[in-house]
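# Descriptive analysis of the structure
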Amino acid sequence: MSAPFLQVRDLSVRFTTDDGVVRAVDGLSFDVHRGRTLGIVGESGSGKSVTSLAIMGLHRRGRRVSIDGQIRLDGEDLVTASSARVRALRGQRMAMIFQDPLSALHPQFTVGDQIVEAYRVHHRVSRAAARRRAAELLELVGIPEPSRRLDDYPHQFSGGMRQRAMIAMAVSCDPALLIADEPTTALDVTVQAQILDLMRDLQREFDTAIILITHDLGVVAELGDDVLVMYAGQVMEHGSVADVFARPEHPYTWGLLQSVTRLDEQRDDRLRTIPGAPPSLITVPPGCPFHPRCAYREQAGPATGTVRPALVEAAPGHRVACHLPAEVRQRIRAEEVTPAR
Amino acid sequence: MTRFVVGRLVGAVVILWLVSVLAFVLFFVVPKALGNNPAVLFAGRSPDPATIAGVTRKLGLDRSYVDQYWSFLRGVFVGRHFDSGSDRSWCPAPCLGFSFRNDQPVWSQIVDALPVTASLSLGAAVLFLTVGVSSGVLSAVRRGGLFDRIAAAVSLAGVSLPVYFTGLLLLLLVSYKWHIIDNVHYVALTANPALWAWNLLPAWIVLSLLYMANYQRLTRASMIDTLGEDYVRTARAKGLPERTVIGKHALRPALTPIVTILGLDLGVLFGGAILTERTFGFRGLGAISIDAVNTQDLPVTMGVTLFAAFFVIMANVLVDIAYAVVDPRVRPR
Amino acid sequence: MTDNHPTTEDRPAATDDRPVATDDRPVATDDRPVAIDDRPVAVDELVRVDRLTKVFPAGQGTFGRRRGAGAGVRAVDGISFSIARGATLGLVGESGSGKSTTGRLLSRLLDPTAGTVTFDGRDITRLPSRQLRPLRRDIQMIFQDPYSSLNPRHTIGAIIAAPLRVQGLASDSGQAMRARVRELLELVGLNPEHYNRYPHEFSGGQRQRVGIARALATRPKLVIADEPVSALDVSIRAQIINLLDDLRAELGLTYLFIAHDLSMVRHLSDTVAVMYLGQIVEIADRTTLFEHSLHPYTHALLSAVPIPDPASTRQRDRIRLHGDVPSPRNPPSACRFHPRCWKAQDICRTEAPPLADRSPAGSLGSSPAGLADTAPTEPRGPSPTGRPDTPPPGPPDTTPAGRPGTSATGSPGGPPRHQVACHFPEERTVI
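Counting starts from 1 at the beginning of each chain's written sequence and moves along it residue by residue. Each chain gets a letter, beginning with A, and each ligand a number, beginning with 1, in the order they are written. Side-chain atom pairs in this predicted model are given and counted only at pLDDT of 80 or more, local residue features only at pLDDT of at least 70, and totals for whole chains, interfaces and linings cover all residues. Values reported for side chains reflect all heavy atoms of the structure, with hydrogen atoms and water molecules removed beforehand.

## Overview of the state of the cysteines
Counted only if it meets this: The term disulfide is used for any two cysteine sulfur atoms that are within 2.5 Å. Exposed residues in this analysis have more than 50% of their type's maximum accessible area, buried residues have under 20%, and partly exposed residues fall in between, with area computed by a 1.4 Å probe over protein chains only.
Considering all chains together, one arrives at 1 disulfide over all chains under this definition. The residue that forms a disulfide with B:Cys91 is B:Cys95, at a sulfur-sulfur distance of 2.2 Å. One disulfide, between B:Cys91 and B:Cys95, carries an S-S torsion of 115° and so falls in the right-handed class. Judged by relative accessible area, B:Cys91 falls into the buried class, the value being 2%. Residue B:Cys95 is classed as buried on the basis of its relative accessible area, which comes to 1%. A:Cys322 supplies the cysteine sulfur nearest to A:Cys288, a cysteine that is in no disulfide, at a spacing of 6.4 Å. There is no disulfide at A:Cys322, and the cysteine sulfur nearest it, in A:Cys294, is 6.3 Å away. The class for A:Cys322 is buried, based on a relative accessible area of 15%.

Listed below in structure tokens is the structure:
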């Protein structure tokens, strides 16, 4: 396989607030290859959205935000690059779509104008040429009568159409990396399926690397090649979707998988739950950040409350950050996790 | 869109009519009911009964209120006669009556004063709008920074200092101490544009100081809101230069509340910036109305009131139309 | 993708060829005597909804600008169902389906335009507002957003006690009241000593627990939960679902559970109704609905839900609908699903399919009389009022043609019936 298009190494993002330092992302590393999709799964405050904004260079660097580590886009480090350079790459080599297309599109400009603008920042073409391109893009994402719809405002589009228009805008410059932050959370389920299909089709056509940020394990199972499970700004588990769903290694992943209701299951017993709530990122628990909520912390030994577990390979390409010994994990999984499903 | 505009205009006419009725009641019905015969006011100091009777007939005060109002309304559109039997005068449309004090048609007084007020208001508006909005934008972008804090302090000072203080201070400095502008007075724009602007400048500054603070703060708050909007993040994600992100994507929606306030402020300013006109000795609508009130000159007071109401209402109509232009979501299909 | 026009302009504006009454006046169900109470109502039936309709007036006209009369939004259009005491009815559907409106109609937060709601044997459809207070004690709601539904300036003790005060269920100066609030806090799994804290001191999940405690304060019989976990984090959702589950068992509650998450509805409901553009298109017990559904829309809906298992989710039968849900402002004629349906025939465009019984032949008459099948539709002889229950066949009918008045749901006495509104129902495995 060729070199990964995006390499993130030891990424940390910190915000200084009046209440203290927020460690939003802490020591994050992963790769994304062209033509593949990495799903980043986590709850609110897990750092998944902060990560995507850091890659896009959308955190305003200054006294309050500090970003450390490396973000290599096609070999070029974005953390040390000038903001002008990152701006030139933004929208051109990497693009992003957001959760709520109604608020992400400008209400006072037509859909066509917004796409034209996105294209013309990076291409020296006439307005007319850019407009033709915009119509092609709307057609590409499955909007009927594209030339006519160019002059509509976002509020005249339906929810699904808006997200399609948003995608058209994002792919206007053929980006090699597309970051989708909860792209279907605000949509109806039948429309979500359409949008996921569209993303899959576009990826096949343009060999795009996709980062799919979501809280929905089902969406990752549907579209992801790899999955990264984040908790309190740190990676808990990272591997191929097939491996992580079939042989989850981390107690947090177990908790997530067990606590969601599944359409293909009808159970009358209570759901398994993860006790407590995610921690504040100002006071992340020492050691393994998940240990206060972990049902197996006793078996992980005293280090779990003091030493941060390293992210190690449990199997080739499948990494996990957990103090539980591998054989204990396997036993628990076999006895409690897998049979339950 | 045309239907929308026409609808708004019709609404404005209805409101204006209501205001005229209200003004008529206030100026001619209420005083009489309270025992203040307008004819006595007109006739001047210690009048004899014959004069009062003549005045009463001339002003039509002996007729029914409906009749009087009808004459008044006709006067506005087609002009009217004032006839006391002995002397008969024609008041051409738009007729708002004659001043009790100097027998001049009210309309001509307003027409004379209007350029003064318009120059003062529009000039000040340009000034406080440019400075207020741009400093508001800068404050929002560098929130908590040095500029933001200085702007906040300056605008607070501006809004707290009364016009007769800042105005007199400025006059003292430019006119009496530094002799930059000697003898500040109104010069018609058509006569000498340079002198027009030069003489009005101190008044513009004084008036702007009063309004700038509002616009600065409003723009700042509004911009802080829009800068946090998702579509601004989208604009950045497209790779647009920061200038475009702020000047186009964030500022345009932030202008909506500012347009609203501007409409109201302009309407009020056109009714006369009384203190500023007084301080600088300009004979604008404000000065006229304050004189009219002081001398109980009912026709002039009423005329200026109606005229000011006209501007406030028209400004509101323009705001509504501007809304529809700025924001497609409120545009009727 | 050719026919996914998202907006309404290119759909036939045919509101006049539907068999459903479309004028602004209340549909004729309103005119006939409300005879619900005369029927033999099952003893264990808590809620009965009969041809319930809600029309929101269109556009708020200002100053000479008003849209044509009659162009209201039929958010809920003649739906009927019943909920047995202690059972849970799950209401699913996408945006514009009318599921939330239905919840608000049941709790009388909204006034129905037509149809009837019977609660505990009593017609509450037209209850005047001063008589609503005792009703509010029996019917409580849990809302989606625990952040906005709690007053930030009140302590949670005061928030939970508020319904008790309003209802006069506890004296103001109260040891008794405080004890009750403590009891409620404990019931929902919160520390009873946190009585004096403010909502902002709690996490999202805990706030939703406060919301639940407030709903339970008056010992309601029916709890309407409108997307109670959608705003919560994944790991918190299960906690709240379990809590709702436990409370049902402990307090014998009856739930109307409104959600767009079908897997959650499957977990929590006895009976599930699928709504589309204001109408129920399919209703059945949960096993039947999820495993033997007959309506194409149900199939599409189920097939669109991703399953957190890559091996199975990628091999499923995929049904992809074109376009979004049409606007309820101008719904398609006849069968409302026909523009998106791959099985649509001519009849689907001209004739609305009735919500008809599709229960397996054997199970139809098997339920004990007066329990599950209180629907006045089956030929069981004339009803006590002597009124024919179903209007004579054939259009123009004022209610969806031949639609049964009710559907019994989740009654412990017999199997709930499976009803589908489709001209061409067919079983299909999509999960």
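After that view, the rundown keeps rolling.
## Some points on the packing of aromatic side chains
All names here are of chain A. Short version of the rule: Planes of paired rings set the category: under 30 degrees apart is stacked, over 60 is edge-to-face and the rest tilted, where pairs are Phe, Tyr or Trp rings (Trp by its six-membered ring) whose centres lie within 6.5 Å. By definition, any uninterrupted DSSP run of H or I lasting at least four residues is a helix, any uninterrupted run of E lasting at least two residues is a strand, and each is numbered from the N terminus.
Under the criterion given, the structure shown has 21 aromatic pairs over all chains. On the numbers, 5.2 Å between centres and 85° between planes, the contact of Tyr231 with Phe290 is edge-to-face. Highlighted residues: Tyr231 in strand S9 (residues 226-231) and Phe290 in the loop between helix H11 (251-259) and strand S11 (311-315), separated in sequence by 59 residues. There is no split in this pair, since Tyr231 and Phe290 are both buried.

## A word on the sheet that holds strand S5 (residues 76-77) of chain A
All names here are of chain A. The following threshold applies: Strand pairing is assigned whenever DSSP identifies at least 2 bridges connecting the two strands. By definition in these notes, contact holds between two residues if any of their heavy atoms fall within 4.5 Å. For helices, the fitted axis covers only the stretch in contact; all axes are lines through C-alpha atoms, and the angles between them, taken along N-to-C directions, range from 0 to 180 degrees.
Sheet architecture is open: 4 strands sit in the order S2-S1-S4-S5, paired in antiparallel fashion. Lying at the two open borders of the sheet, with one neighbouring strand each, are strand S2 (20-32) and S5. Across 2 bridges, strand S4 (residues 65-73) lies against S5 in antiparallel orientation. From the neighbouring strand, Arg72 faces S5, where its bridge partner is Asp77. Packed onto the sheet, helix H1 (residues 48-55) meets strand S1 (6-17), S2 and S4 and runs at close to 110° relative to S1.

## Focus: the pairing of strand S9 (residues 271-276) of chain C
Residue and element names in this part refer to chain C. Here S9 lies mainly inside the structure; 6 of its 6 residues are buried. Alternating positions in S9 separate into two faces, Thr271, Ala273 and Met275 on one and Val272, Val274 and Tyr276 on the other, with burial throughout. Relative to S9, strand S3 (residues 88-92) is paired through 4 bridges, and the arrangement is parallel. Each bridged residue has a counterpart across the sheet, and for Leu91 the counterpart in S9 is Ala273. Bridge count for S9 against strand S10 (residues 279-285) is 6 bridges, and the pairing is antiparallel. In the strand pairing of S10, Val274 is matched with Glu282. Joining the antiparallel neighbours S9 and S10 is a turn of 2 residues, in which Leu277 adopts a positive phi near 50°.

## As for helix H8 (residues 193-227) of chain B
Residue and element names in this part refer to chain B. Convention followed: Here the expected length of a helix is defined as 1.5 Å per residue gap, with one fewer gap than residues. One fitted axis covers the seven residues ending at a residue, a second covers the seven starting there, and the bend at that residue is the angle between these axes. Definition of a polar contact: a pair of N or O atoms within 3.5 Å, with one able to donate and the other able to accept a hydrogen when the atoms are protein atoms, and with sequence-neighbouring residues admitted only if both atoms are side-chain atoms.
In this model, H8 (35 residues) spans only 40 Å end to end at C-alpha, well below the 51 Å of a helix rising 1.5 Å per residue. Of all the bends found along H8, the most pronounced is centred on Leu201 and spans about 45°, while Pro202, a proline, follows it within four residues. Two or three places before Ala194, at the opening of H8, Asn192 has a side-chain oxygen 3.1 Å from that residue's backbone nitrogen.

## Thoughts on the pattern of salt bridges
When the charged atoms of two side chains lie near each other, side chains of opposite charge can form a pair. Stated precisely, the cut-off is as follows: The rule for a salt bridge is simple: a side-chain nitrogen of Lys or Arg has to be within 4 Å of a carboxyl oxygen of Asp or Glu.
Counted according to the given criterion, the structure contains 50 salt bridges over all chains. Between A:Arg308 and A:Asp26 there is a salt bridge, and its shortest N-O distance comes to 3.2 Å. Placement of the pair is A:Arg308 in the loop between H11 and S11 and A:Asp26 in strand S2, with a sequence separation of 282 residues. Look at A:Asp26 and you get buried, because its relative accessible area is 14%. For C:Arg51, the salt bridge is made with C:Asp50, and the minimal N-O distance between the two is 3.5 Å. No difference in accessibility class separates C:Arg51 from C:Asp50, as the two residues are buried.

## Concerning the nonpolar core
To keep things clear, this is the line we draw: For the purposes of this section, nonpolar cores are sets of buried Ala, Val, Leu, Ile, Met, Phe, Trp, Tyr and Cys residues that join through side-chain atoms within 4.5 Å.
Counting 113 residues, the largest nonpolar core has A:Leu6, A:Phe30, A:Ile55, A:Leu177 and A:Ile211 as the members making the most contacts within it. In terms of residue count, the dominant contributor to this core is helix H7 (residues 159-170) of chain A (7 residues). Those residues in contact with A:Phe30 that sit more than four places away from it in its chain are A:Leu6, A:Gln7, A:Val8, A:Arg9, A:Leu38, A:Ile40, A:Thr51, A:Ile55, A:Ile211, A:Leu228 and A:His238. In this structure, C:Val210, C:Ile212, C:Val265 and C:Cys341 belong to the second largest nonpolar core, which totals 69 residues.

## Regarding the interface of chain C and chain A
Where interface size is given, it is often the accessible area lost as the parts come together that is meant. Cut-off, in case you're wondering: Buried area: the accessible area, evaluated with a 1.4 Å probe, that two parts lose upon being put together, summed over both parts.
Contact residues are listed per partner, giving 53 residues for chain C and 57 residues for chain A. Counting each side, the surface lost to burial between chain C and chain A is near 4500 Å², with a carbon and sulfur contribution of 52%. Remark: the boundary between chain C and chain A carries 4 salt bridges. Between the two partners, chain C and chain A, sit 25 residue pairs in polar contact (both at pLDDT 80 or more). Listed by contribution, the elements that provide at least two residues to the side of chain C that touches chain A are helix H6 (234-251), helix H7 (262-268), helix H8 (286-291), helix H9 (296-304) and helix H10 (310-313) of chain C. Looking at which element gives the most residues to the side of chain C that touches chain A, the answer is H6(C), with 9 residues.

## Quick look at the confidence of the model for chain C
All names here are of chain C. So the rule is basically this: pLDDT is a per-residue confidence score from the predictor, ranging from 0 to 100.
On average, residues of chain C score 77 in pLDDT, and 73% of them are at 70 or above. This model gives residues 60-69 a pLDDT under 50, and the stretch forms 6 contacts once residues within four places in sequence are excluded. As scored by the predictor, the complex reaches a pTM of 0.83 and an ipTM of 0.91.

## Remarks on the packing of helix H5 (residues 106-141) of chain B against helix H6 (residues 146-160) of chain B
Residue and element names in this part refer to chain B. Our working definition: Oblique is the label for any angle not under 35 degrees, not over 145, and not in the 65 to 115 range, which are roughly parallel, roughly antiparallel and roughly perpendicular in turn. Crossings are assigned a handedness: left-handed for a near helix turned anticlockwise from the far helix by less than a right angle, right-handed for a clockwise turn. When residue character is reported, Ala, Val, Leu, Ile, Met, Phe, Trp, Tyr, Cys and Pro are called nonpolar, Asp, Glu, Lys and Arg charged, and the others, Gly included, polar.
Relative to each other, H5 and H6 sit at 135°, their axes nearing to 8 Å. Compared by their axis directions, H5 and H6 come out oblique. For the pair H5 and H6, the crossing hand works out as left-handed. Taking contact as the criterion, the partners of Ser135, Leu138 and Ser139 in H5 are, on H6, Phe147, Asp148 and Ala151. In terms of residue class, the contact of H5 with H6 is made up of 3 nonpolar, 2 polar and 1 charged.

## Topic: the side chain of A:Glu43
Following the sequence through the fold, A:Glu43 ends up in the loop between strand S3 (37-41) and H1. Setting aside its immediate chain neighbours within four residues, A:Glu43 contacts A:Lys48, A:Tyr231, A:Tyr252, A:Pro278, A:Arg293, C:Asp233, C:Val234, C:Ser235 and C:Ile236.

## Things to note about helix H7 (residues 163-177) of chain B
All names here are of chain B. Taken as a whole, H7 has its buried residues at Val163, Thr166, Gly167, Leu170, Leu171, Val174 and Ser175. Looking at the buried positions of H7, the neighbouring elements they touch are H8 and helix H11 (274-280). Just beyond H7, the residue with positive phi is His179, at close to 55°.

## Considering the environment of B:Asp48
Residues and elements named next belong to chain B. Tracing the chain through its elements places Asp48 in the loop between helix H2 (38-43) and helix H3 (49-59). With a relative accessible area of 40%, Asp48 lands in the partly exposed category. Residues Asp48 and Leu18, spaced 30 residues apart in sequence, show a C-alpha to C-alpha distance of 36 Å.

## Describing the pairing of strand S8 (residues 254-258) of chain C
Residue and element names in this part refer to chain C. We apply this condition: Here a crossover is taken to be right-handed if, once the strands point away from the viewer, the path from the first strand over the helix to the second is traced clockwise.
Burial analysis of S8 places 5 of its 5 residues in the buried class, which makes it a mostly covered element. Of the two faces of S8, both are covered, the one formed by Thr254, Leu256 and Ile258 as well as the one formed by Tyr255 and Phe257. As paired elements, S3 and S8 share 4 bridges and run parallel to each other. Following the sheet pairing, Leu91 is matched in S8 by Ile258. Pairing of strand S7 (residues 222-226) with S8 involves 5 bridges; the strand directions are parallel. Of the residues in S8, the one forming a bridge with Asp226 is Ile258. A crossover connection joins S7 to the parallel S8 through H6; in handedness this β-α-β unit is right-handed.

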